[in-house]
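What follows is the residue order along each chain.
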Amino acid sequence: MIKKSNWQSKFDDFVYTNMDKKFMWGKWDCCIFSDACIKAMTGQSLIPKQLHWVDKESALETIRDYGNTLVNSIRKACKEKNLVKIHPSFLQKGDLVIIQQETQVCGMYDGSKTIGPSADGISAISGNKIIEGWRVNA
């Protein structure tokens, strides 16, 4: 995967265009959101084509079948697409991150915070601890 030359404006346009889109399992959850943002920046999807889910139960089952945990599933997908693991101290705008809340979730780093889908639209994911981050064509 390689970011387009105008990836920063693609990132900003993606966030602006989807600002009010509300969380929905299998349609606009943390993985679908992050994948769509990466696709906006690169033209390619990070989620393997064979993976699909429609609700929380099928999402958890898909994660278990693909990598056992969310972080292992994302590691596997990132390795397959040659994303580079980045220490949380060195994150930059456009990096994919895994954060720890009550459960692990993924999101995108916007240069100062992690963002992701919520019941109110795209929002900062607060109260989190970034576990890992990955960068496209670092």
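For the structure, see preceding data.
Residues numbered from 1 in each chain as written. Predicted model: local features only at pLDDT ≥ 70, side-chain atom pairs only at ≥ 80, totals over all residues. Heavy atoms only, no water.

Section: the overall build of the chain
Helix and strand content of the chain: 4 helices and 6 strands. Traced from its N-terminal end to its C-terminal end, the chain shows the element sequence α-α-α-α-β-β-β-β-β-β. Computed over its C-alpha atoms, the radius of gyration of the chain comes to 14 Å, within 12% of the 14 Å expected for a compact globule of 138 residues. The principal-axis extent of the C-alpha atoms belonging to the chain is close to 35 × 30 × 30 Å. The proportion of buried residues among the 138 residues of the chain is 46%. (Helix = DSSP H or I, 4+ residues; strand = E, 2+ residues; numbered from the N terminus. Rg over C-alpha atoms; globule rule 2.2 N^0.38 Å. Buried < 20%, exposed > 50% of the residue type's maximum accessible area, 1.4 Å probe, protein only.)

With respect to the side chain of N18
Within the secondary structure, N18 is located in the loop between helix 1 (7-17) and helix 2 (30-42). Non-local contacts of N18, meaning those with residues more than four positions away in its chain, are made with W28 and I122. (Contact = heavy atoms within 4.5 Å.)

Topic: the environment of I131
Here I131 is to be found in strand 6 (residues 129-135). Overall, I131 belongs to the partly exposed group, its relative accessible area being 31%. Setting aside chain neighbours within four positions, we find I131 in contact with P88, I98, I99, Q100 and Q104.

Observations concerning the layout of surface pockets
Approximately 790 Å³ is the volume found for the largest pocket. Every residue lining the largest pocket is counted, 37 residues in all, and those nearest its centre are C30, C31, I63, L70 and Q104. At the level of secondary structure, the elements contributing two or more residues to the lining of the largest pocket comprise helix 2, helix 3 (56-67), helix 4 (70-80), strand 3 (104-109) and strand 4 (114-118). When residues in the lining of the largest pocket are grouped by element, the largest group, 7 residues, is from helix 3. Counted by class, the lining of the largest pocket contains 23 nonpolar, 10 polar and 4 charged residues. (1 Å grid on protein atoms, 1.4 Å probe; cavity = no way out; pocket = protein on both sides within 12 Å on 5 of 7 lines; lining within 4 Å. Points joined across faces, edges and corners; volume = space filled by probe spheres on them. Nonpolar A, V, L, I, M, F, W, Y, C, P; charged D, E, K, R; others polar.)

Looking at the sheet that holds strand 4
The 6 strands lie next to each other as 1-6-2-3-4-5, forming an open sheet whose pairing is antiparallel. Since the sheet does not close on itself, it has two edges, and those belong to strand 1 (84-86) and strand 5 (121-124), each with one partner. Along the sheet, successive strands turn relative to each other by an average axial angle of 35°, direction set aside. In the sheet, strand 1 pairs with strand 6 via 3 bridges, with the strands oriented antiparallel. Bridging across to strand 6, V84 finds its partner in R135. Packed on one face of the sheet, helix 4 meets strand 2 (96-100), strand 3 and strand 6 and runs near 15° to strand 6. (Pairing = 2+ DSSP bridges. Axes fitted to C-alpha atoms, helices over the stretch in contact; angles between N-to-C directions.)

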